Amino acid sequence: MVFVKCGSLPEPAFLGAMWVRPEFRRRGVGASLVQRALDFLRAAGQTELSLWVTRGHDGVVDFYQGLGFQRTNATSALRPDADTVIDELRRRVEAVPPSDPSEAAGQ
């Protein structure tokens, strides 16, 4: 399951939730879900995707960094009354490369 929300430029799109059943983890399912989300956002004209990860979840950060996300150094409390800190990661939503070589040449 993956949830993304389109942003209103200049705000980025937002990946709000992603979950994979434990027995299907480390099989490429999460990467596939993120790719599908990127495809959707690209088709919707979005240019950047943001997400937040709970601090200390280094494996999750490594997963997203492996998919091209980078830390922004932005942090926040999970909730106003919480001690839990979350960190932002972002990545560009690249344009789809043309499938026809003549499109790449501008013909």
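Residues numbered from 1 in each chain as written. Predicted model: local features only at pLDDT ≥ 70, side-chain atom pairs only at ≥ 80, totals over all residues. Heavy atoms only, no water.

Draft legend 1. Summary view of the overall build of the chain. Looking only at helices and strands, the chain has 3 helices and 5 strands in total. Across the chain, helices and strands are ordered from the amino to the carboxyl terminus as β-β-α-β-α-β-β-α. With 107 residues in all, the chain has 25% of them scored as buried. Put simply, 54% of the contacts in the chain that link residues at least 6 apart link residues at least 24 apart. Split by element, the accessible area of the chain, about 7300 Å² in all, is 52% carbon and sulfur. (Helix = DSSP H or I, 4+ residues; strand = E, 2+ residues; numbered from the N terminus. Buried < 20%, exposed > 50% of the residue type's maximum accessible area, 1.4 Å probe, protein only. Contact = heavy atoms within 4.5 Å. Areas by Shrake-Rupley, 256 points an atom, 1.4 Å probe, with all protein chains shown as cover.)

Draft legend 2. Focus on the layout of surface pockets. Size it by volume and the largest pocket reaches roughly 740 Å³. Residue lining of the largest pocket: 26 residues in total, with Met18, Trp19, Val60, Phe63 and Tyr64 positioned closest to the centre. For the lining of the largest pocket, the elements supplying multiple residues, two or more each, are strand 2 (13–18), helix 1 (29–43), strand 3 (48–54) and helix 2 (58–66). Considering each element in turn, the lining of the largest pocket owes the most residues, 5 residues, to strand 2. Among the residues forming the lining of the largest pocket, the class breakdown is 17 nonpolar, 6 polar and 3 charged. (1 Å grid on protein atoms, 1.4 Å probe; cavity = no way out; pocket = protein on both sides within 12 Å on 5 of 7 lines; lining within 4 Å. Points joined across faces, edges and corners; volume = space filled by probe spheres on them. Nonpolar A, V, L, I, M, F, W, Y, C, P; charged D, E, K, R; others polar.)

Draft legend 3. Looking closely at the sheet that holds strand 3. Spatially, 1-2-3-5-4 is the arrangement adopted by the 5 strands of the open sheet, whose pairing is mixed. Either end of the sheet is taken by a strand with one partner, and the two such strands are strand 1 (2–5) and strand 4 (70–77). Adjacent strand axes in the sheet meet at a mean angle of 30° when their direction is disregarded. The strands touched by helix 2 within the sheet are strand 2, strand 3, strand 4 and strand 5 (85–92), with strand 3 carrying the most contacts at an inclination of about 165°. (Pairing = 2+ DSSP bridges. Axes fitted to C-alpha atoms, helices over the stretch in contact; angles between N-to-C directions.)

Draft legend 4. A look at the packing of aromatic side chains. A full pass over the atoms with the stated rule returns 2 aromatic pairs. On the basis of an interplanar angle of 70° and a centroid distance of 5.0 Å, the ring pair of Phe63 and Tyr64 is categorised as edge-to-face. On the basis of relative accessibility, which here comes to 31%, the residue Phe63 falls in the partly exposed class. Ring centres of Tyr64 and Phe69 lie 5.4 Å apart, and the angle between their planes is 80°; this geometry places the pair in the edge-to-face category. You'll find Tyr64 and Phe69 in the same group, each marked buried. (Phe/Tyr/Trp six-rings, centres within 6.5 Å; stacked < 30°, edge-to-face > 60°.)

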